[in-house]
Amino acid sequence: MTDHETRLDHVVLWVSDPIAAAHFYEKAVGLEPVRLDDFSVGEAPFPSVRVNGETILDLMPRSKADRMAMLPGAAASSGHPVNHVCLSLTAAAFDALLDRLREQSVSVSDVSHDSFGARGPAKRSFYFRDPDGNVFEARHYD
């Protein structure tokens, strides 16, 4: 990848409780919280969790929906999550995530094989929901 290639920077998820959501993503999914302490003391408008060195998930409080004035109709997107967000992992990280989710009693779908994605067919994949109903797919190609 070069510095001139298009990359996914962040995805904004509507959540009812950003602190609880950050803890879910940290404990069940294994993602590092970003700005959680700043949010907790009112110094940041929302926390995030880091997917990798270049991508984060912003955990936007639904209570801020009425302030989304940068684009007509943006406030109406609150409560209308995307179909799903897919996390691509190594095989070992995939297995660890599946184990953590089960340990946290998070419902997961059956594991499927050869589903198509950005890098072709994935060896394995499964789906799960966060506490706010946002759907995630986890997959690995190796």
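Anything mentioned here points back to the structure above.
Residues numbered from 1 in each chain as written. Predicted model: local features only at pLDDT ≥ 70, side-chain atom pairs only at ≥ 80, totals over all residues. Heavy atoms only, no water.

Q: I tried to follow the packing of helix α1 (residues 18-29) against helix α3 (residues 91-103) on my own but got confused; where do I start?
A: Two measures define how a pair of helices packs: the angle their axes make with one another and the distance between the axes. One can describe the packing of α1 onto α3 by two numbers: an axis separation of 8 Å at closest approach and a directional angle of 120°. Taken together, the axis directions place α1 and α3 in an arrangement best described as oblique. Contact residues: Phe24, Lys27, Ala28 and Val29 in α1; Leu97, Arg100 and Leu101 in α3. Class assignment of the residues belonging to the contact of α1 with α3 gives a composition of 5 nonpolar, no polar and 2 charged. (Axes fitted to C-alpha atoms, helices over the stretch in contact; angles between N-to-C directions. Helix = DSSP H or I, 4+ residues; strand = E, 2+ residues; numbered from the N terminus. Parallel < 35°, antiparallel > 145°, perpendicular 65-115°, else oblique. Contact = heavy atoms within 4.5 Å. Nonpolar A, V, L, I, M, F, W, Y, C, P; charged D, E, K, R; others polar.)

Q: I'm lost on α1 in this one. Help?
A: Taken together, the buried positions of α1 are Pro18, Ala21, Ala22, Phe24, Tyr25, Ala28 and Val29. On an axial view of α1, the arc spanned by its buried residues comes to 165°, and they lie on one face. Residue Asp17 occupies the N-cap position of α1, its side-chain oxygen lying 3.1 Å from the main-chain nitrogen of Ile19. Among the residues trailing α1, Gly30 stands out with phi positive, at a value near 90°. (Buried < 20%, exposed > 50% of the residue type's maximum accessible area, 1.4 Å probe, protein only. Arc of directions from axis to C-beta. Polar contact = N/O pair within 3.5 Å; in protein donor to acceptor, adjacent residues only side chain to side chain.)

Q: Would you mind going over the environment of Ala118 with me for this structure?
A: When you line up the elements, Ala118 lands in the loop between β6 (116-117) and β7 (120-121). Measuring from C-alpha to C-alpha, the distance between Ala118 and Cys86 comes to 9.9 Å, with 32 residues separating the pair along the chain.

Q: Mind showing me how you'd approach the pattern of salt bridges here?
A: Pairing between side chains becomes possible if they bear opposite charge and their charged atoms approach one another. A complete count under the given rule lists 4 salt bridges for this structure. Residues Asp132 and Arg62 are paired through a salt bridge, measuring 3.8 Å at the closest nitrogen-oxygen approach. Placement of Asp132 in the loop between β8 (124-129) and β9 (135-140) and of Arg62 in the loop between β4 (56-61) and β5 (85-89) is noted, with a sequence separation of 70 residues between them. On the basis of relative accessibility, which here comes to 30%, the residue Arg62 falls in the partly exposed class. Among the salt bridges present, the one from Arg124 reaches Asp95, with a minimum N-O distance of 2.8 Å. Of the two residues, Arg124 is situated in strand β8 and Asp95 in helix α3; the sequence distance between them amounts to 29 residues. Here Asp95 falls in the partly exposed class, since its relative accessible area comes to 33%. (Salt bridge = Lys/Arg side-chain N within 4 Å of Asp/Glu carboxyl O.)

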